Amino acid sequence: MIKKRFIKYWILTVALQALAITWVMAQNTLQVVTRTVTREIPYKPGDSLLVEAEKATVQISAWEKDYISLTLRLISKHNKLEVAKEELGFLQFKIGKTGVTHQLKNYFKSDVGFKKVKGILLSEYELKVPGNLLVTLKSQYGRANITGLESPVKVDTRFVELELIECKASQEVLAYFGNVNMVSTEGVATIDLQRSDFSLTSHAGKATINSSYGKVKIRSQELTGLEMKGNKTAVEIFANDLKSYHFNLSALYDRVFTPLGILRGIDDSRFQTENAGKAPTIRIETTYRPIELNLQNNVADN
């Protein structure tokens, strides 16, 4: 009799625990409400595009059609569906044009004044644009990817993970507290970094970099010149061999590291080479952080 009561008690306990777990899981399941906005924006040669994004993921890619395609998703998440629906109304957007500049913007607005947001609010831009459209992106908090443009790109970001892929004209980037990754780009790159990490891979053209409190990695064999000034910025650079460039490297209050076998002077904070011909110059100055030079070919072959 006691054994049967124990078994019933045990079964009841397990059932109650299962119900409790199910209730907790239901409470923790995010409800997602999305509003999708689509537009086909007419384009004429000479037009430009300004995107102002906040707490957003931005994807801009080139295509061959003669208009701008916009898909904007406004997303609200909360454990309670009614809260997610209510807070979706805080997400607003503007689509307009001033002169030759198309303007897109998302922002937050409450009709009852200041109100604390209970859930998660974010936006997603998906833009397909003519390749020769001049694009300017200003973004705070989020991610951005720009791919395949053949016209100048200007980007100003704060707390954003940024990628520029196969952009074939000039790139002007200002980044604050974020990571910037440029791959297979061309033209003149002007980069200004504050507390950000930066990677430049397969860039064909010139680059000017200013960096404070960050890390810079350069892996490009087609550079036609590089000028960099860093403050407390670590630098790692990859080259085919010592004949590829004129190197002028300086790490004040730290060291310049080179592969074994390279003859150096007594000052290990500097490294300089002078090559015959018209090899491009790579000039890097930084402070309180090292510079590391890596060569893909054997030093003894130089």
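Given the structure is predicted, the values throughout are model-derived calculations rather than measurements.

### Some details on the packing of aromatic side chains
Per the stated rule, a full pass over the model turns up 7 aromatic pairs. Seen in terms of ring centroids, Trp 63 and Tyr 67 are 5.1 Å apart; in terms of plane orientation they differ by 75 degrees. Their pairing is edge-to-face. Exposure class is identical for Trp 63 and Tyr 67. Each is buried. Between Phe 159 and Tyr 176, the aromatic rings sit 5.9 Å apart at their centres with planes inclined by 90 degrees, giving edge-to-face as the arrangement. On the criterion of sequence distance, the pair formed by Phe 159 in strand β8 (residues 153-165) and Tyr 176 in strand β9 (residues 171-176) is long-range, its members being 17 residues apart. Taking the relative accessible area as the measure of exposure, Phe 159 reaches 34% and is therefore partly exposed. In this structure Tyr 176 comes out as partly exposed when scored by relative accessible area, which is 29%. If you follow Lys 94 out to its NZ or CZ, it ends over the ring of Tyr 107, 5.6 Å from the centre. Taking NZ or CZ as reference, Lys 232 lies 5.4 Å from the ring centre of Tyr 288, over its face.

### Structural notes on the nonpolar core
Within the largest apolar cluster, 68 residues are counted, with the highest numbers of intra-cluster contacts made by Tyr 125 and Leu 127. The residues touching Leu 127, leaving out its near neighbours within four places in the chain, are Leu 49, Val 51, Gln 59, Ile 60, Ser 61, Ile 68, Ser 69, Leu 70 and Leu 104.

### Topic: unusual backbone geometry
A positive phi angle, close to 50 degrees, is found at Lys 55, a residue other than glycine. You can see Lys 55 is positioned in strand β2 (residues 48-63). Within the chain, Lys 232 stands out as a residue other than glycine whose phi angle is a positive 50 degrees. By the secondary structure assignment, Lys 232 is in strand β14 (residues 223-239).

### A word on helix α2 (residues 81-88)
Listed as buried for α2 are Val 83, Ala 84, Glu 87 and Leu 88. Buried residues along α2 cover an arc of 135 degrees about the axis, so they all sit on one side. Away from its buried face, by an angle of more than 90 degrees, α2 presents the exposed residues Glu 82 and Lys 85. At its buried positions, α2 is contacted by β1 (31-42), β3 (67-78), β4 (91-98) and β6 (120-130).

Conventions we followed
- Residues numbered from 1 in each chain as written.
- Predicted model: local features only at pLDDT ≥ 70, side-chain atom pairs only at ≥ 80, totals over all residues.
- Heavy atoms only, no water.
- Phe/Tyr/Trp six-rings, centres within 6.5 Å; stacked < 30°, edge-to-face > 60°.
- Buried < 20%, exposed > 50% of the residue type's maximum accessible area, 1.4 Å probe, protein only.
- Helix = DSSP H or I, 4+ residues; strand = E, 2+ residues; numbered from the N terminus.
- Lys NZ or Arg CZ within 6 Å of the ring centre and 35° of its normal.
- Core = buried A, V, L, I, M, F, W, Y, C linked by side-chain atoms within 4.5 Å.
- Contact = heavy atoms within 4.5 Å.
- Arc of directions from axis to C-beta.

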